[in-house]
Amino acid sequence: MSREDPHDLLAMVFARPREALAAARALLADGRGPYESSIARQALGILHREFGDLEAAIGELRHAVRLARRSGSADRETDVLATLGIALLQSGRTRAGLSALDQAATRADGTTRARVLFRRAGARWILGRHGPALDDLRDAVPALLAARDTVWAARALTLRGHVQLALGAVQAADADFHTAQDMLGPTRQEHDSAVAVQNRGVAAFRTGDLPAALALLDEAERSFHSLGTPMFDLVGDRCAVLLAAGLARDALEHADGGLRLLARLRGQATRRAELLLIAARAALQSGDPATAGERAGEARRLFARQHRAWWSEHARLIVLQAEHATPDVPARRTALGEARRLAARLAGLGSPEVWQAHLVAGRIALALGEPGVAERHLARAADVRHKGPATSRAGGWLAEALRAEAGGEPRRLLHACRAGLALIEEHRLTFGSSELHALATAQGAELVTLAQRHLLREGRPRRLLAWTERWRATSLAVPAVSPPEDGELLARLAALRQAEHLLAQARQDGAASAAALERDRSRLESRVRSATLHAKGRSRGGGERRDRDDDRTGRLLDALGGGRLAELVAVDGTLHVLLCGGGTVRRHTAGPMDRAVAEVEFARSRLRRLAYERDPDQGELHDLGARLERAVLGPVAGLLGEEGPLVVVPPSTLHTTPWGLLPSLRRRPFTVAPSAGAWLRARSAPRPDGGRIVLVRGPGVAHADREVREIAGLYAQADRDVPWDVPWDVSLLEAGRSTAPAVLAAIDGSLLAHLAAHGTFRADSPLFSSLHLDDGPLTGYDLERLRRAPHHLVLSSCDSGQMAAVGADELLGLATALLRLGTAGIVASVVPVNDETAVPVMLGLHDGLRRGLGLAEALCRARGDDVSFIAIGAG
């Protein structure tokens, strides 16, 4: 900092905060006069306000005002007074803060007045007073531009962009953000430049480009971290994007982390209220209305004390939504009145979320049996279906569907459901991440349920099947995006394997370093996942061809021939089975869905115990299977036929069912598919050229060496009942050679891959489910980087076929990573496996495969009394 120009200190505060702190303290230690000392105190106040203790900031700024007054410079005094006003406002002292800003605006002139007006506009924006904020900026922006005050002009344009975003003017806001970024380019204001990147992320989010938004916000966060700047508004922006992407739990954890940091720093009360509101939205979207109501209620009380009406009304909206979403809470007439008044207040404030208040009012009116009131509010909510981002328009179509259902107009109902789902599909296609593809379907769940409910009432099983398929395992229908040659991501995946390997060793040895290694692993997992979320999707033309409902069902029935397909559908708590075959689709009722879920969990818990018994009681297994069969199939168990393919298509919540335990399935070939469409696609997957077979033995599996060597011996035999077009080429990876890079290279495009390795299923993050290799875990993220999937895959480890239910009716796990890439069939377990008894099953399976049997038939003949393994896909 130049001794002759202490104003350089203020320019340094955001650009180089550590240097600014040292320089301010040095200036005060020099014993300078009141003018220069007021600048040092103001700099310390800003540093405390943004990065530390808000009360300490107010103390420094009040001292700076007194020094400025002693210096006799009105210009200096008004500048500090405006800074103090912002700090008071952020501490929750709204009246005192606005009073200080008003005084500064009245007494200032020239460029200083323009800067004061910019700050007061910021205060008004925080309070949700968007019209007055724009009034201040109309004066401030031209004055700052005329004065060539580049940094402050860029800040003012940025603020104007945020105000316009709050009012729904996304294009105007985006233009302001781009102009501000261009202006900041030649400056040394690193903080403001990082803010510009952050704002580009916000604009990308509001235009619907979520992968770009996440990438830009990550870039901004890295910059803020290098500057030592905890940016709480970045936390809020990231949470909003995560929520739009369907990552509600991530958003809630992120918001809670920001709240904890804010509490440690004794930071801004205004930020605390905003983060509480974000946390409430995240809790509501993640299915926790009680937490949502609690957080929103606390935020509303804080906003009220801060005189922030705009924000307070939005918190009230979350409270109402949470109350309506809480099970067993009856609709109240008082709640309807509150929702109607809230919609009017949000409309008066110019909120783009007013449609949500009308939607909740319409829902409450329907529950109270007031169709006329419901119609008025749902019609207002439905207006948004023609404007705004895709997710909001889909919400408008939901309101339209509810109107049509209440009015008894089935054609209009199905049209609204179809239009809303098309918008969500358009939104999903912007994602390259399979996780985001799956999670984004959650918003369409109610639209599908409305259509299913209507078709169930109408007795239209064929159309019910088509509508169920429309939104089941749809992420598998979108062709996988070819992964870019991302050296950084590959390095992170390798580092993650090394961290996992070291962590396992430390735990085994009881080393004190285990806790630190766990933190390293979590950090690396976060970076890997973040990088994959940035991937861009394909255009609409790259998706699945959309046939008419009758065409899709007709193709399915033709493909079944003399076989059967049983698609399980849960509607309003009842499990139905759509039995397809013989050119028809018939519906049967299995029973309550909660009973089916309970029986699946009971069966799984018993099988976990029985897996460690050498000779499990077959009578107990039969009784257990009969109970489970009654719950999940009901009367359909006796109607499955005995010839042709049998395909079971459960909803995602029942995918972990041990299907091999069911008496009707134990002695016949069957496959389990995520959807009927996924079965059709897997069935037509092209077989690769050549007969390359890859056998992998992972570490620590007691009988894996015998397993892979005897399987290799089977394929070496010359007496094959069914000759293949090309000779088998068997590769065996064992004895330290089964590393992730080697395995991925070997199985890429292979005819058949068999992995005898321990597996770990991660319900918290399914794509981090893994197989344990010599150099660490092989995860779903690794498998997604294959150029060509293996045609058939056998996983002989425990729980390797488990997938997590996410989104509306989607699945994520190791198997889905491969099915999406084009694997035709997988043999895997959905329950624990007895390693010793699994060996003869695997040998029998491969003996059948080498004789030309399909996966399902070969597994059926090899199964014996085993109930652990199932065939997934086409079989």
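As the structure is a computational prediction, the values presented were derived from the model and not from experiment. (Residues numbered from 1 in each chain as written. Predicted model: local features only at pLDDT ≥ 70, side-chain atom pairs only at ≥ 80, totals over all residues. Heavy atoms only, no water.)

All right, on to the overall build of the protein chain then. Scanning the protein chain from terminus to terminus reveals 37 helices and 16 strands. What you see for the protein chain is a C-alpha radius of gyration of 31 Å, in line with the 29 Å of a compact globule of 875 residues. Each of the three principal axes of the protein chain carries a C-alpha extent, and together these read 105 × 70 × 45 Å. Out of the 875 residues belonging to the protein chain, those deemed buried represent 57%. By sequence separation, contacts in the protein chain at least 24 residues apart represent 70% of the contacts at least 6 residues apart. Of the charged side chains in the protein chain, 114 are positive and 105 negative; the average position of the first set lies 5 Å away from that of the second. (Helix = DSSP H or I, 4+ residues; strand = E, 2+ residues; numbered from the N terminus. Rg over C-alpha atoms; globule rule 2.2 N^0.38 Å. Buried < 20%, exposed > 50% of the residue type's maximum accessible area, 1.4 Å probe, protein only. Contact = heavy atoms within 4.5 Å. Lys, Arg positive; Asp, Glu negative; His and termini not counted. Charge placed at Lys NZ, Arg CZ, Asp CG, Glu CD.)

Below, the discussion takes up unusual backbone geometry. For residues that are not glycine, phi is negative in most cases, and the peptide bond is trans in most cases. Residue H307 is not a glycine yet carries a positive backbone phi of 60°. Assignment of secondary structure puts H307 in the loop between α16 (289-305) and α17 (309-325). Of note, the phi angle at D572 is positive, near 50°, even though the residue is not glycine. Of note, D572 is situated in the loop between β1 (564-571) and β2 (574-581).

What follows is about the side chain of T671. With respect to the helices and strands, T671 occurs in strand β5 (residues 671-672). The class of T671 is buried, set by a relative accessible area of 4%. For T671, the residues in contact, after removing those within four places along its chain, are L646, V647, V648, W679, A856, A871, G873, A874 and G875.

With that settled, consider the pattern of salt bridges. Evaluated as defined, the whole model comprises 49 salt bridges. For D102, the salt bridge goes to R120, with nearest N and O atoms at 3.1 Å. Of this pair, D102 sits in helix α6 (residues 94-107) while R120 is found in helix α7 (residues 110-126), placing the two residues 18 residues apart along the sequence. Ionic pairing is found between E400 and R385, a salt bridge with its closest N-O pair at 3.8 Å. On the criterion of sequence distance, the pair formed by E400 in helix α21 (residues 390-407) and R385 in the loop between α20 (371-382) and α21 is long-range, its members being 15 residues apart. One exposure class covers both E400 and R385, and it is buried. Overlapping salt bridges, with partners in common, bring together E375, R385, E400, R403, E409 and R412 in one network. (Salt bridge = Lys/Arg side-chain N within 4 Å of Asp/Glu carboxyl O.)

The subject of this paragraph is α7. Because an α-helix completes one turn every 3.6 residues, residues spaced three or four positions apart along the sequence face the same direction. With 17 residues, α7 should reach 24 Å at 1.5 Å per residue; the first-to-last C-alpha distance of 25 Å fits that figure. Here α7 lies mainly inside the structure; twelve of its 17 residues are buried. All of the buried residues in α7 are T112, A114, V116, L117, F118, R119, R120, A121, G122, A123, R124 and I126. G128 lies just past α7 and shows a positive phi near 80°. (Expected span 1.5 Å × (residues − 1).)

Once that is clear, we can look at the packing of aromatic side chains. Overall, the coordinates contain five aromatic pairs when judged by the stated rule. Relative to W311, the ring of W310 lies with its centre 5.4 Å away and its plane at 75°, an arrangement referred to as edge-to-face. W311 shares its class with W310; the two are buried. A network of ring pairs unites the aromatic residues F303, W310 and W311 as a single cluster. Above the ring of W397, the side-chain terminus of R385 is found at 5.1 Å from the ring centroid. (Phe/Tyr/Trp six-rings, centres within 6.5 Å; stacked < 30°, edge-to-face > 60°. Lys NZ or Arg CZ within 6 Å of the ring centre and 35° of its normal.)

So, about the nonpolar core. The nonpolar side chains of a soluble globular protein tend to be buried, and buried together. Grouped together as the largest cluster of nonpolar side chains are 66 residues, with contacts concentrated most on L568, V632, W659, L755 and L783. If you tally residues by element for this core, the top one is helix α29 (residues 593-610), at six residues. Dropping the residues within four chain positions of it, L755 is found in contact with V696, V743, L771, L778, L793, V794, L795 and S796. Core analysis: the second largest hydrophobic core is formed by 63 residues, A343, V354, V360 and L465 among them. (Core = buried A, V, L, I, M, F, W, Y, C linked by side-chain atoms within 4.5 Å.)

This paragraph deals with the sheet that holds strand β11 (residues 776-779). Neighbouring strands of a sheet are bound in pairs by backbone hydrogen bonds; such pairs are parallel or else antiparallel. If you walk across this open sheet you meet the three strands as β9-β10-β11, and the pairing is antiparallel. Each edge of the open sheet is held by one strand with a lone partner, namely β9 (759-760) and β11. (Pairing = 2+ DSSP bridges.)

Taking 1.5 Å per residue as the helical rise, helix α30 (residues 618-632) with its 15 residues ought to reach 21 Å, and the 21 Å between its terminal C-alpha atoms agrees with that figure. G634 occupies a position one or two residues after α30 and carries a positive phi of about 55°.

A few words on the environment of A808. Among the structural elements, A808 can be located in the loop between β13 (804-806) and β14 (810-812). The sequence separation of A808 and P389 amounts to 419 residues, and the corresponding C-alpha distance is 20 Å.

Across the five residues that make up strand β15 (residues 825-829), a large majority, five, are buried. Here β15 shows no split at all, with G825, V827 and S829 on one side and I826 and A828 on the other all buried. Here strand β12 (residues 792-795) runs beside β15; their pairing, made up of three bridges, is parallel. The partner of V794 across the bridge, within β15, is V827. When β15 meets strand β16 (residues 869-873), the two strands line up antiparallel, connected through five bridges.

Topologically, D149 is positioned in the loop between α8 (130-146) and α9 (150-166). A C-alpha to C-alpha distance of 9.6 Å links D149 and R115, two positions 34 residues apart in sequence. Excluding residues that lie within four positions of it along the chain, D149 makes contacts with T111, R115 and L144.

Turning next to the pairing of β2. Along a regular strand, successive side chains alternate from one face of the sheet to the other. Of all eight residues making up β2, seven are buried, and the element is well covered by its neighbours. In this sheet, β2 lies alongside β1 in antiparallel orientation, the contact comprising seven bridges. Looking across to β2, one finds that L565 is bridged to C580. Where β1 folds back onto β2 in an antiparallel hairpin, the turn is made up of two residues, including D572, whose phi is positive at roughly 50°. Direction of pairing for β2 relative to strand β3 (residues 584-592): antiparallel, over a ladder of eight bridges.

Right, let's get into the packing of helix α13 (residues 232-244) against helix α14 (residues 248-265). Two numbers describe how α13 lies on α14: the axes approach to 8 Å, and their chain directions differ by 170°. Overall, the two elements α13 and α14 adopt an arrangement that is roughly antiparallel. Every residue of α14 that contacts α13 at F232, V235, R238, C239, L242 and L243 is listed here: A248, D250, A251, H254, A255, G258, L261, L262 and L265. For the contact of α13 with α14, the residue count by class is eleven nonpolar, two polar and two charged. (Axes fitted to C-alpha atoms, helices over the stretch in contact; angles between N-to-C directions. Parallel < 35°, antiparallel > 145°, perpendicular 65-115°, else oblique. Nonpolar A, V, L, I, M, F, W, Y, C, P; charged D, E, K, R; others polar.)

It is worth spelling out the confidence of the model for the protein chain at this point. Of the residues in the protein chain, 94% have a pLDDT of 70 or more, and the chain-wide mean is 86. Under a pLDDT of 50 for its full length, residues 539-545 has, in the predicted model, nine contacts with residues more than four places off or in other chains. (pLDDT = per-residue confidence, 0-100.)

This paragraph deals with the packing of helix α4 (residues 54-71) against helix α5 (residues 74-90). Their axes nearest at 9 Å, the elements α4 and α5 cross at an angle of 160°. On the basis of the axis angle, α4 is roughly antiparallel to α5. Seen from above, α4 lies across α5 with left-handed handedness. Along the contact surface, α4 presents L54, I58, L61, R62, A64, V65, A68 and R69, while α5 presents R76, E77, V80, L81, T83, L84, A87, L88 and Q90. (Left-handed = near helix turned anticlockwise from the far one by under 90°.)

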